[in-house]
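Here is what each chain is made of, one letter per residue.
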Number of protein chains: 2
Amino acid sequence: MRNVTVANPFSLQHVQITDDFWADYVHLVRHEVVPYQWQALNDLIDGVEPSHAVKNLKIAAGLEQGEYYGFVFQDSDLAKWLEAVGHLLATEADPVLEKTADELIELIAKAQQDDGYLNTYFTVKEPNKRWTNLTECHELYCAGHLIEAAVAYYQATGKRRLLDVACRLADYIDSVFGVEPGQIRGYDGHQEIELALVKLYQVTQEERYLRLSQYFLEERGQKPHFFALEYEQRQGKTHFPMFGKGVDLAYFQSHVPVREQETAEGHAVRLVYMCAGMADVAAATGDQGLVQACRTLWNNVVHKRMYITGAIGSMAQGEAFSLDYDLPGDTAYAETCASIGLIFFAQRMLQLEAKSEYADVMERALYNTVIGGMARDGRSFFYVNPLEVWPLGAHKNKNFQHVKTVRQGWFGCACCPPNIARLLASLGRYIYSYRDRTVFAHLYIGSEACFEIEGVPVSLKQQSQLPWEGDVSFEVTHGQEELAFTLALRLPDWCKDITIVAGEAPVDIQQVEADGYAYIKRKWKSGERVKLQLAMTVNRMRANPQVRYTAGKAALQRGPLVYCMEEADNGTNLHQVLLGAEGEEQVRFESGLLGGISTLSVPAMRSKGKAWGDRLYAADVKNDEEPIQATFIPYYAWANRGEGEMTVWVREN
Amino acid sequence: MRNVTVANPFSLQHVQITDDFWADYVHLVRHEVVPYQWQALNDLIDGVEPSHAVKNLKIAAGLEQGEYYGFVFQDSDLAKWLEAVGHLLATEADPVLEKTADELIELIAKAQQDDGYLNTYFTVKEPNKRWTNLTECHELYCAGHLIEAAVAYYQATGKRRLLDVACRLADYIDSVFGVEPGQIRGYDGHQEIELALVKLYQVTQEERYLRLSQYFLEERGQKPHFFALEYEQRQGKTHFPMFGKGVDLAYFQSHVPVREQETAEGHAVRLVYMCAGMADVAAATGDQGLVQACRTLWNNVVHKRMYITGAIGSMAQGEAFSLDYDLPGDTAYAETCASIGLIFFAQRMLQLEAKSEYADVMERALYNTVIGGMARDGRSFFYVNPLEVWPLGAHKNKNFQHVKTVRQGWFGCACCPPNIARLLASLGRYIYSYRDRTVFAHLYIGSEACFEIEGVPVSLKQQSQLPWEGDVSFEVTHGQEELAFTLALRLPDWCKDITIVAGEAPVDIQQVEADGYAYIKRKWKSGERVKLQLAMTVNRMRANPQVRYTAGKAALQRGPLVYCMEEADNGTNLHQVLLGAEGEEQVRFESGLLGGISTLSVPAMRSKGKAWGDRLYAADVKNDEEPIQATFIPYYAWANRGEGEMTVWVREN
């Protein structure tokens, strides 16, 4: 097995976010989200559904009496929280938080069974039913999150306690699953352990973990279908009776082998987690067939099944993809976790090949759906992120049962909030990558990065005015006379007017561009700077004419931010607004609004319908349109001013 | 109790449909639909779900052994079929059909219990559970349909056998339900018996039946809520576990008393059946409060919750109304039966007050949703009648699970096909009404009607070119020198250019118009004619700007027919069509197409999207529109040329 992993020197400790926009979010995660979630996991918040996750652990560890409560995958909320804590400790010491985490880790270690098994549901509630319902019961999924937490915590603190727990668990799983006699020839209903095992391999260099990940991926979808066999064996008994009878293999991406999957089917989160694992294994093994399989699924998701906000999953039933170009804004599922998973996938693809599209999508999902999934105060969250909301309709028409018009405190199925936390806490990992003396800047997020090029310590200081203005600069510092390396700057898809000045010299971008990156190859003097200026045009975006929902409509985007209209600014009946001529938008930064945002004021027409009276249909009613200025705010900032209508796509002439 | 029922001399025997357009449908019902359905009810059709309805009856009658099969309301399919047979026999003798019906009636009589009870489900399957789950089990609903069948069969044949069965059943029900001690103070989950009892009262003049109908209506929604009490009593046991726990009172229109219901809530069919019953009781009693309650619900349905095709019910879950102006075309439920019920309601309102809006809506529902619910061959049916269909999406996106893209042979829940049959078989009842020496012509359907005015026999022969051309004429024949009466001609809402010539003299319509009828008051000589010319403009219809789905879109209507585009004529991706300027539509009658229809050829633009490649979102792709001629066909004729896309509402500039 050839190891072609691209060594990435940008471990989290070495990238400090200093960005005006993002430092706020990291601060929020550190001081609000993570403490709030710890309260939630300990059932200390009034008025939100109890999590019982810590309690389950204590019962499993034999420290308390009681019944298991919560979903079968409740453990994963704790693991995701712990992973976020690991990321936070990597960039800033916090002895109190670390002590809390260490205590939790001791609890986890106590709940681990003698053989290495670790899962509170099956330990407490169905001790004889381990591995009998992999289709539904998320045992390997929970194990995957535990492994990710262990790796993050080890990388941050150097403490091996949880890593050892994770290795024992992984070793045990490795003994249970596989093609040898007596092993279960299966895999999990919810992909996650695949990417986690690669992380464990990366920190331990234990090749068995990589091979186990590879096994889970390659076994998936092979015949005879494992989930179908298991369904018979469990005689159709189910943990989720609301989902009906039988097993929908495509829901779990287990209908065909992963290399043969040409379209993104089924549960959106599972698909992108699977793809991230595939890309990880491809990077570790150099398997070009697997790389191609990743590209095929990437292209289908990104060119045919993704919302403009970087959201995925067009239908509530199954939280799933539907079909090409089916992207309804109002009934969208568009789960926060799915966009987070899409970012995981994109980041892995960037490790495989430096094409700016991966970073463009990563940025789109991050700046729109992911941070839109969290209120500005970090205490309430969206699971579902529609692009059009009509609260009256959402409350009454049951097609919109899944849509919440107001962010929720904590969900019974609380996957999204801790997922946002762990992503934002590890944001430093997504900005750069490194290969062959080339530093790739994928995201323009103010930060200070320390790394080495062929043993020479280098500091790279990025300053960025994004997402409000397009000024970005990089300053390279090192202790040498000069240092030869390349800085590859992403040319964002939203910007058609870019200037780059390296040192004092303007760069002819066309000359140095490849796959959406400008390769600035120099012998850098210490203190030398590169300036990047990105024109911040208001782009009037249209969707491919194959998309039904967007026919005759446009969306506004400025920089990476997709905009929307809200009732708070524009009143009700947003569908009555018709955008006027392009190019007359006024941009205004309003420091007092929603944490400081640039709003757009856009000339538009609005049909009031006064002449209609109580008529419902007519051929002869004059259309009494009047000119208005429509106000748009960034999509991520919606739903912070009470319940109201919202729409991203607006009709235009 | 003051009886103010308006005597309507137009019993079905006395109106023969001779219309080019409609005679075909009546012929189809007589020679295809009713025979086909008889086969279906006897489980003789391969490949369609067994009905078991006749079999259930034989088992209940003790003539066969076996288990009950089918829905709890399976009996009603037989009753609706028998009612249709009654209507058919009223206008044309058919000894073979009559013999079949008589045999069925004997079976029914045998299945009736000694105390008058009649319901095969509870007789065969749960004999001790009569009246224990009125919320769900449709006992009174089935009784209502039996009564309607009995009345129709009696009116057609003069045979009392089934009428006597119905009276015994009604007498028994009258003894079981009411406010006296020992009686059940309840009502049915599915309204139907209310309107049926008024029919029984009309043929028997037995006031108890009217009073029982009145009781069921007035008791509905009173506190304490009967369905809530019953739910407790049956300890939540349900026949429909898929509907979840609890009782949604509004689904059954039992949340508040009927006089206090201001919006159309819940299951659409139940609502309109209830309203028809309310209007019947109001007509029979002169209760103006009840008339006002009818008007309130009518206005809400027709001005805020009705599709342009006369369909109602905006959401699949609950087959129900949602909220004002929520009229999505693609996820519509729009059940055929609900439009039939709306016609029942409209016809009753016309008996109460001659306002053309009632007839306009009746016509809209009849010419569009009702006949659209049946294939041109009378052998397959739609239950759900969306205004936009994308077959690929309907198959894959589970928001459209309820939508069939191809008409079905027979449904497990087969309410719609026999409902279409009984409506079309009794179409003669909907054309005219009579009051105070005034004959109202509500529908322009070629026919010969015989009736009496103050004892004088009169024949009224109507000729009509509708729905293709707007020429209508009436010829009055009688045996007198001259006869004074008024012919009130409806001025359809779709026509702004009407001329009327009575005898030789043009009528100044403004002078004689009231509430949408032109009152032609004359001393008629025998043989005198009135000619009506209705301009057949292609109306470009828009919806009230409060409706979201139709924003920026128009629908084409010509005469009473709403039009649609189909894939068969226009290819796929119908959402890419943009209507051109108004008034350039070409109308062409195509005798060979779909039984002979007028098509519309409409200048339009179409975005092909060739320049998009695999891009999903962009600000800078040129819109490569090209001019086309879009072809529209009448909505009722869609889905007769294989599976394909269809849309009623089309974007316009």
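Counting restarts for each chain, with residues numbered from 1 along the sequence as it is written. For naming, the first written chain is A and the first written ligand is 1, with later ones following in the order written. Only residues with pLDDT of at least 70 are given local features in this predicted model, and only at 80 or more are side-chain atom pairs given and counted; all residues enter the totals for whole chains, interfaces and linings. Excluding hydrogens and water, the side-chain values take into account all heavy atoms of the structure.

Q: Just give me the short version of the overall build of chain A, but keep the residues and values in it.
A: Only DSSP runs of H or I reaching four residues or more are called helices, and only runs of E reaching two or more are called strands; each is numbered from the N terminus. On a plain count of helices and strands, chain A comes out with 19 helices and 23 strands. Relative to the 2.2 N^0.38 estimate, which gives 26 Å for 653 residues, the radius of gyration of chain A is 25 Å and therefore close to what a compact globule would have. Each principal axis of the C-alpha distribution contributes one length, and for chain A these read about 75 × 75 × 50 Å. Accessible area is worked out with a 1.4 Å probe on protein chains only. A residue is then buried under 20% of its type maximum, exposed over 50%, and partly exposed in between. Here chain A holds 653 residues, and the buried ones make up 63% of them. Two residues qualify as a contact provided that any one of their heavy atoms is within 4.5 Å of a heavy atom in the partner residue. Pairs at least 24 apart in sequence give 72% of the contacts found in chain A among residues at least 6 apart. Surface accessibility in these figures is a Shrake-Rupley result with a 1.4 Å probe; residues are shielded only by whichever protein chains are displayed. Counting every atom, chain A has about 23,300 Å² of accessible surface; 47% of that belongs to carbon and sulfur. Put simply, the radius of gyration uses C-alpha atoms, and a globule should come to 2.2 Å times the residue count raised to 0.38.

Q: Help me get a handle on the interface of chain B and chain A, residues and values and all.
A: One frequently used descriptor of interface size is the decrease in accessible area upon assembly of the parts. Taken together, the 58 residues of chain B in the interface contact 58 residues of chain A. Here the quantity called buried area is the accessible surface, traced with a 1.4 Å probe, that two parts lose on coming together, added over both. Of the roughly 5,100 Å² buried at the junction of chain B and chain A (both faces included), carbon and sulfur atoms supply 52%. Contact with chain A buries area across many residues of chain B, yet R548, L616 and Y617 of chain B alone supply 17% of it, more than any other trio. Between Lys or Arg on one side and Asp or Glu on the other, a salt bridge is scored when a side-chain nitrogen of the former is within 4 Å of a carboxyl oxygen of the latter. The interface formed by chain B and chain A contains six salt bridges. Two residues, K396 of chain A and E265 of chain B, come together in a salt bridge whose shortest N-O distance is 2.6 Å. Polar contact is the term for a pair of N or O atoms within 3.5 Å; when the atoms are in protein, one must be able to donate a hydrogen and the other to accept it, and sequence-neighboring residues count only if both atoms are side-chain atoms. There are 30 residue pairs in polar contact (both at pLDDT 80 or more) connecting chain B and chain A. Contributing elements (two or more residues each) for the side of chain B that touches chain A: helix 13 (288-304), helix 16 (391-396), strand 14 (538-543) and strand 20 (617-618) of chain B. At five residues, strand 14 of chain B tops the list of elements feeding residues into the side of chain B that touches chain A.

Q: Hey, could you go over the UniProt feature "domain: Non-reducing end beta-L-arabinofuranosidase-like GH127 middle" (unreviewed entry) in chain A for me, with residue numbers and the actual values?
A: In the UniProt entry, the feature "domain: Non-reducing end beta-L-arabinofuranosidase-like GH127 middle" (unreviewed entry) is given for residues 438-536 of chain A. Annotated as residues 438-536 of chain A, this span is 4% helix and 61% strand, and its ends, taken at the C-alpha atoms, are 27 Å apart. UniProt positions are given in the numbering used here, feature names are shortened, and annotations may be inferred rather than shown by experiment.

Q: Please give an account of the pairing of strand 16 (residues 561-566) of chain A that cites residues and values.
A: Residue and element names in this part refer to chain A. Within strand 16, six of the six residues are buried, which leaves it mostly tucked inside the rest of the structure. The alternating pattern of strand 16 places L561, Y563 and M565 and V562, C564 and E566 on opposite faces, both of which are buried. Should DSSP find at least two bridges between two strands, the strands are regarded as paired. Note that strand 15 (residues 553-558) and strand 16 share two bridges and pair antiparallel. From the neighbouring strand, R558 faces strand 16, where its bridge partner is L561. Between the end of strand 15 and the start of strand 16, which pair antiparallel, lie two residues, with G559 showing a positive phi angle near 60°. For strand 16 and strand 21 (residues 625-634), the ladder comprises three bridges, and the chain directions are antiparallel. For Y563, the partnering residue across the bridge sits in strand 21 and is P634. In this structure, strand 16 lies alongside strand 22 (residues 646-647), joined through two bridges in antiparallel fashion. Bridged to M565 within strand 22 is T647.

Q: Tell me about the sheet that holds strand 4 (residues 438-441) of chain A, residues and numbers included.
A: Ordered in space as 3-4-8-12-11 (chain A), the five strands form an open sheet in which the pairing is mixed. At either end of the open sheet lies a strand with only one pairing partner, and these are strand 3 (432-435) and strand 11 (513-514) of chain A.

Q: An account of the packing of aromatic side chains is requested, with residue identities and associated values reported.
A: A pair of Phe, Tyr and Trp rings is counted when the ring centres sit within 6.5 Å of each other, with Trp represented by its six-membered ring. The angle between the planes then sorts it: under 30 degrees is stacked, over 60 is edge-to-face, the rest tilted. Tallied over the full model, the rule gives 68 aromatic pairs over all chains. Consider the rings of Y121 of chain B and F122 of chain B, whose centres lie 4.9 Å apart with planes at 85°: the pair is edge-to-face. Each member of the pair Y121 of chain B and F122 of chain B is classed as buried. A connected cluster of aromatic rings, assembled from ring pairs, spans F21, W22, Y25, Y367, W468, F589 and Y636 of chain A. Lysine and arginine charges are scored as sitting over a ring when NZ or CZ, respectively, is within 6 Å of the ring centre and within 35 degrees of the ring normal. Here R522 of chain B stacks its cationic end above the ring of W524 of chain B, 5.7 Å away from the centre of that ring.

Q: Can you lay out the domain arrangement of chain A for me, pointing to particular residues and giving the numbers?
A: Residue and element names in this part refer to chain A. Per the domain assignment, the segments of chain A are domain 1 (12-393 + 406-430), domain 2 (432-534) and domain 3 (538-652). Annotation comment: domain bounds sourced from an automatic or database domain assignment. For domain 2 and domain 3, the distance between their C-alpha centres works out to 37 Å. Around 670 Å² of area is buried between domain 2 and domain 3 when both sides are counted, 61% of it from carbon and sulfur atoms. When residues of domain 2 are sorted by the area they lose upon contact with domain 3, P467, W468 and W494 head the list and together hold 91% of the total. If you look at where domain 2 meets domain 3, you find two residue pairs in polar contact (both at pLDDT 80 or more).

Q: How would you explain the relation of the copies chain B and chain A if you had to name every residue and give the values?
A: Of the transformation superimposing chain B on chain A, the axial component is 0.0 Å and the angular component is 180°, with the fit at an RMSD of 0.0 Å. What the rotation and shift describe, once combined, is the action of a two-fold rotation axis. A shared interface surface links the copies, since 100% of the contact residues of chain B are contact residues in chain A too. A least-squares fit on C-alpha atoms brings the copies together, and the residues used are those whose pLDDT is at least 70 in both copies.

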